[in-house]
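Here are the chains, one letter per residue:
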Amino acid sequence: MFNQDIVKPENLVYKKTDVLTNNVMHYCPGCGHGTTHRIIAEVIEEMGIQDKAICVAPVGCSVLAYNYFSVDSLGAAHGRAPALATAIQRLNPDHHTFTYQGDGDLAAIGTAETIHACNRGENIVIIFINNGIYGMTGGQMAPTTLIGMQTATSPYGRTVELNGYPLQITELLSQLPGTYFVTRQSVHTAAAVRKTKKAIRQAFENQKGKKGTSFVEVVSNCNSGWKMTAPKANEWMVENMFAKYPIGDIKVDGELVQK
Amino acid sequence: MAAKGTVVIDKERCKGCGVCIVACPKSVLALAKNVNGKGYNYSEAVVDECIGCASCAMVCPDGVITVYKVK
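Going by the annotation in an unreviewed UniProt entry, the name recorded for chain B is NAD(P)H-quinone oxidoreductase subunit I, chloroplastic, with bioreactor metagenome given as the source organism.

Under an unreviewed UniProt entry, the name given to chain A is 2-oxoglutarate oxidoreductase subunit KorB, and the organism recorded is bioreactor metagenome.

The number of helices and strands found in chain A is nine helices and 11 strands. A compact globule built from 259 residues would reach a C-alpha radius of gyration of about 18 Å, and chain A, at 18 Å, matches this within 12%. Oriented by its inertia axes, the alpha-carbon framework of chain A measures out at about 60 × 50 × 35 Å. Counting only residues that meet the buried cut, chain A has 52% of its 259 residues in that class. For chain A, contacts bridging at least 24 residues in sequence account for 66% of all contacts bridging at least 6.

This paragraph deals with the overall build of chain B. Counting its regular elements, chain B contains two helices and four strands. The linear arrangement of helices and strands in chain B, starting from the amino end, is β-α-β-β-α-β. Since a compact globule built from 71 residues should have a radius of gyration of about 11 Å, the 11 Å found for chain B is in line with a globular shape. Referenced to the eigenvectors of the C-alpha coordinate spread, the extents of chain B come out at roughly 35 × 20 × 20 Å. In chain B, which comprises 71 residues, the share counted as buried stands at 52%. Long-range contacts, defined as pairs at least 24 residues apart, comprise 64% of the intrachain contacts of chain B with a sequence gap of at least 6.

Turning next to the packing of helix α2 (residues 81-91) of chain A against helix α4 (residues 111-120) of chain A. Two measures define how a pair of helices packs: the angle their axes make with one another and the distance between the axes. Two elements in contact, α2 of chain A and α4 of chain A, have axes whose closest approach is 7 Å; the angle formed by their N-to-C orientations is 35 degrees. Contact with α2 of chain A, carried on its side by Pro-82, Ala-83 and Thr-86 of chain A, involves Glu-113, Thr-114 and Ala-117 of chain A of α4 of chain A and no other residues of that element.

Right, let's get into the packing of helix α1 (residues 32-47) of chain A against helix α7 (residues 190-208) of chain A. Residues and elements named next belong to chain A. Between α1 and α7, whose axes approach to 9 Å, the crossing angle comes to 50 degrees. Taken together, the axis directions place α1 and α7 in an arrangement best described as oblique. α1 and α7 meet at a crossing whose hand is right-handed. Where α1 approaches α7, its residues Thr-35, Ile-39, Ile-40, Glu-42, Val-43 and Met-47 are matched on the opposing element by Val-193, Thr-196, Lys-197, Ile-200, Arg-201 and Phe-204.

Next up on the list: the UniProt feature "domain: Thiamine pyrophosphate enzyme TPP-binding" (unreviewed entry) in chain A. Under the present numbering, the feature "domain: Thiamine pyrophosphate enzyme TPP-binding" (unreviewed entry) in UniProt falls on residues 66-218 of chain A. Across residues 66-218 of chain A, helical content stands at 37% and strand content at 23%; the span's end C-alpha atoms are separated by 19 Å.

Here we take up α1 of chain A. Along its 16 residues, α1 of chain A runs 23 Å from first to last C-alpha, staying within 8% of the 22 Å computed at 1.5 Å per residue. Of the residues one or two after α1 of chain A, Gly-48 of chain A is the one with positive phi, at around 65 degrees.

A word on the confidence of the model for chain B. All names here are of chain B. Residue-level pLDDT values for chain B average 92, and 97% of them are 70 or greater. The least confident element of chain B is strand β1 (residues 5-9), whose mean pLDDT is 92; the most confident is strand β2 (residues 29-31), at 95. Overall fold confidence (pTM) sits at 0.94, and the ipTM for the predicted complex is 0.92.

Counting from both sides, the interface comprises 30 residues of chain A and, opposite them, 32 residues of chain B. Listed by contribution, the elements that provide at least two residues to the side of chain A that touches chain B are β1 (12-14), α1, α7 and α9 (230-244) of chain A. Residue contributions to the side of chain A that touches chain B peak at four residues, all from α1 of chain A. Taken together, the residues of the side of chain A that touches chain B break down into 17 nonpolar, eight polar and five charged.

The subject of this paragraph is unusual backbone geometry. Residue and element names in this part refer to chain B. The phi dihedral of Ser-27 is positive, around 50 degrees, even though this residue is not glycine. Along the chain, Ser-27 turns up in the loop between α1 (19-23) and β2. A positive phi is found at Ala-54, a non-glycine position, where the angle reads about 70 degrees. Counting through the fold element by element, Ala-54 comes out in the loop between β3 (43-45) and α2 (55-59). Using a count of 22 C-beta atoms within 10 Å as the deciding quantity, one classes Ala-54 as buried.

This brings us to the sheet that holds strand β9 (residues 213-219) of chain A. Residues and elements named next belong to chain A. Pairing within the open sheet is mixed, and its eight strands lie in the order β3-β2-β4-β5-β9-β8-β10-β11. Each edge of the open sheet is held by one strand with a lone partner, namely β3 (72-75) and β11 (255-256). Pairing geometry for strand β4 (residues 96-102) and strand β5 (residues 125-130), over five bridges, is parallel. For Phe-98, the partnering residue across the bridge sits in β5 and is Val-125.

Attention shifts here to α2 of chain A. Where α2 of chain A is concerned, the buried positions are Ala-81, Pro-82, Leu-84, Ala-85, Thr-86 and Gln-89 of chain A. On its buried side, α2 of chain A packs onto β2 (53-57), β3, β4, α3 (103-109), α4 and β5 of chain A.

Rules used in this analysis
Residues numbered from 1 in each chain as written. Chains lettered and ligands numbered in written order. Predicted model: local features only at pLDDT ≥ 70, side-chain atom pairs only at ≥ 80, totals over all residues. Helix = DSSP H or I, 4+ residues; strand = E, 2+ residues; numbered from the N terminus. Rg over C-alpha atoms; globule rule 2.2 N^0.38 Å. Buried ≥ 20, exposed ≤ 12 C-beta atoms within 10 Å, placed from the backbone. Contact = placed C-beta atoms within 7 Å. Axes fitted to C-alpha atoms, helices over the stretch in contact; angles between N-to-C directions. Parallel < 35°, antiparallel > 145°, perpendicular 65-115°, else oblique. Left-handed = near helix turned anticlockwise from the far one by under 90°. UniProt positions renumbered as here; feature names shortened; annotations may be inferred. Expected span 1.5 Å × (residues − 1). pLDDT = per-residue confidence, 0-100. Nonpolar A, V, L, I, M, F, W, Y, C, P; charged D, E, K, R; others polar. Pairing = 2+ DSSP bridges.

Right, here's the structure in full:
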């Protein structure tokens, strides 16, 4: 079912942006990381900031993010991406430094760096991928793992008595005066992807205006860690993750809009 | 009526996750019986009803889908 007549440059509706390299991503099939990479790259292309964007890669699944973004990149020590981004942005104030971190990196080992960078109101963009699990190391429990969720290190499900409550770090950060824009989005449907793209665009625009820290959480799936197919993992995410991590803006233009 | 749109899928880069199949409002896409060089059943268009909405391309984690539409 292939219409050769329609395939003409003037009919082009959508094409992968050139800000993403042509390397095949190492992510598992259906992983939200790839989608998020793509929309960040699209925003960078649309804003024409490819030569000014600097990616700070974390430790975690997205440790090799610099293989996929055709922008300058640095790899930070585990959890220290906001600290490194602070230095880069202070030394290059007209550049666009963004960190790309998972929940193990940002909400576990990097909690201190994240909170202090946000509290200082550093002019950086933090993209936070929350899939409630340590994906890279084999599906261990993360601070964001839901109550009752089975992981490699909580095979009978996470319990409050033993493991405490899931950490809603995005709500926590929204309380800090340094954060200017805090939002939670997802990438499981085309509409959600468009909204997330808009949020990321807003974050980079805020950075251009030197407004302070912009924090975009992307609730994502981890089909390998959750042991499901990709479409099933997306369904599971909608049913379970969104109850604890509701989608929507939390802080816009420095004002709380939720809670 | 001929389809208004069409998708070009980079078979070798497709990982066959099936997210695009769920996203397609016209059920145009399906996983192929054949596999690509990496052993994945890649996604392909099986019905000539594509409207060129680009929903599949928006959700594709690997950015393998290029969409065309008659304007």
